[in-house]
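Letter by letter, the chains look like this.
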Number of protein chains: 2
Amino acid sequence: MTQISGYDYGTPQAEHSPLTLEELRHLEETVEWTDADADALRKAEPFFRKHAEEMVDSWRARIAKQPHLAKWFVGPDGKPDDTYKAAVKKRFVQWVIDAAVRPHDQAWLDYQEEIGLRHTPAKKNKTEGANTPDVVPLRYLVAFLGPTILGTREFLAKAGENAEEVDRLEEAWTKCVLLHVALWSRPYTREGLW
Amino acid sequence: MTQISGYDYGTPQAEHSPLTLEELRHLEETVEWTDADADALRKAEPFFRKHAEEMVDSWRARIAKQPHLAKWFVGPDGKPDDTYKAAVKKRFVQWVIDAAVRPHDQAWLDYQEEIGLRHTPAKKNKTEGANTPDVVPLRYLVAFLGPTILGTREFLAKAGENAEEVDRLEEAWTKCVLLHVALWSRPYTREGLW
């Protein structure tokens, strides 16, 4: 794999999650994530490797069209920071693949904390030394689950061998992205309320 | 309609949302909520009125089975606070109906702020003078979108006249609950990060 700048998965540069693995299991139970979901996504690994960038492009196109979403990628000159966007995009594409295939172990959990932080003043812009706004507001992160869940259906439709397999994959992907956003919400949250 | 205790929709008792209606439209655009979604849900109003309680019962059954979820309804004696649970349930059932049929106007927006607050120390327990823990942690609120999105499929399957209509309804319901949780996350969030 080509080295992706700032992609600190499984390295000491990634933040340590304050959640224990036992607490992660509780969260998985809540979203109803099971081994069958993990298997369904992992089986579709070739699909995700092939289409991850297209998926990200489709989400990025939506962001570009909505000024209230595009603004979090804009530099002090009022223009989109293309260097920042390009760097973030590579990690975004890698996230799609990781989301589908990585086991939910300590390295995975820690990297979700890292991703969450990179959407907040604690770490946004830091990796690239960029000067875009220092947060992607939480309400947009949650609302963007619309496109990441429903906007993915057109892609996943090509991923299964039959309607049942596609349904299975849609459910697994839905739970998967919900679990991610639940974890990413941590650094946004007031003490004791997460 | 029978009066539901603590159901302050459209009354001065409900908190005022800090979001403007224009900002709400941005959030709707992000989740890709359209008039067609509103129409699809409103058309299914008889279905929602008939099945809202069953839907809530199915979610409540999941909560009861998971100690990390059930604990937020437990009193100081270590037992579920049944009075509190019964009072909250009536409003939960009403929420399902409101979610499907109410227009997204100022009263609706304000009541989402109120519901969010009632999951946090600001207002949890207050309406019933209960003594359960003072928060439902945000990560569980987000993760429980699994059951409220996917666990609803078995109900919605009965709500449409054909597969296409059921799909339409599932998409509308998915966007609808995402939008609600995005709004409910407000009082959990650190200053400036929502």
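Procedures and definitions
- Residues numbered from 1 in each chain as written.
- Chains lettered and ligands numbered in written order.
- Predicted model: local features only at pLDDT ≥ 70, side-chain atom pairs only at ≥ 80, totals over all residues.
- Heavy atoms only, no water.
- Least-squares fit on C-alpha atoms with pLDDT ≥ 70 in both.
- Contact = heavy atoms within 4.5 Å.
- Helix = DSSP H or I, 4+ residues; strand = E, 2+ residues; numbered from the N terminus.
- Expected span 1.5 Å × (residues − 1).
- Buried < 20%, exposed > 50% of the residue type's maximum accessible area, 1.4 Å probe, protein only.
- Polar contact = N/O pair within 3.5 Å; in protein donor to acceptor, adjacent residues only side chain to side chain.
- pLDDT = per-residue confidence, 0-100.
- Axes fitted to C-alpha atoms, helices over the stretch in contact; angles between N-to-C directions.
- Parallel < 35°, antiparallel > 145°, perpendicular 65-115°, else oblique.
- Nonpolar A, V, L, I, M, F, W, Y, C, P; charged D, E, K, R; others polar.
- Salt bridge = Lys/Arg side-chain N within 4 Å of Asp/Glu carboxyl O.

### Quick look at the relation of the copies chain B and chain A
Each of the two copies of the chain can be brought onto the other by a rotation about an axis and a shift along it.
Right, so step 1: Of the transformation placing chain B onto chain A, the axial shift is 0.0 Å and the rotation is 180°, giving an RMSD of 0.0 Å. Both chain copies can therefore be described as sitting about a two-fold axis. Identified as the residue of chain B closest to the rotation axis by C-alpha distance is T189 of chain B, at 2.2 Å.
Right, so step 2: Residue by residue, 100% of the interface of chain B is reproduced at the interface of chain A, so both copies engage with the same surface.

### Quick look at helix 5 (residues 82–101) of chain A
All names here are of chain A.
Right, so step 1: When the terminal C-alpha atoms of helix 5 are compared, their 29 Å separation across 20 residues agrees well with the 28 Å that a helix rising 1.5 Å per residue should span.
Right, so step 2: The element helix 5 is largely enclosed, with a buried count of 15 among its 20 residues.
Right, so step 3: If you check the start of helix 5, you find a side-chain oxygen 3.3 Å away from the backbone N of T83, and it comes from D81.

### Brief notes about the confidence of the model for chain A
Right, so step 1: With 99% of its residues at a pLDDT of at least 70, chain A reaches an overall mean of 97.
Right, so step 2: On the interface metric, ipTM, the complex scores 0.97, and its pTM is 0.97.

### So, the packing of helix 2 (residues 35–43) of chain A against helix 3 (residues 45–65) of chain A
Two numbers describe a pair of packed helices, the interaxial angle and the distance between the axes.
All names here are of chain A.
Right, so step 1: Direction vectors running N to C along helix 2 and helix 3 enclose 60°, while the axes themselves pass 5 Å from each other. Taken together, the axis directions place helix 2 and helix 3 in an arrangement best described as oblique. For the pair helix 2 and helix 3, the contacting residues are L41, R42 and K43 in the first and E45, P46 and F48 in the second.
Right, so step 2: Its residues assigned to classes, the contact of helix 2 with helix 3 comprises three nonpolar, no polar and three charged.

### Thoughts on the pattern of salt bridges
Residue and element names in this part refer to chain A.
Right, so step 1: All told, the structure shown has 36 salt bridges over all chains when counted by the stated rule.
Right, so step 2: For D8, the salt bridge identified is with R118, shortest N-O distance 3.0 Å. Remark: R118 occurs in the loop between helix 6 (106–117) and helix 7 (138–143) and D8 occurs in the segment before helix 1 (21–31); sequence separation between them is 110 residues.
Right, so step 3: Judged by its relative accessible area of 16%, D8 falls in the buried class.
Right, so step 4: Across the salt bridge formed by K43 and E165, the nearest N and O atoms sit 3.6 Å from each other. With a gap of 122 residues between them, K43 in helix 2 and E165 in helix 10 (residues 163–184) connect regions that are remote in the sequence.
Right, so step 5: Overall, K43 belongs to the exposed group, its relative accessible area being 59%.
Right, so step 6: Overall, E165 belongs to the partly exposed group, its relative accessible area being 25%.

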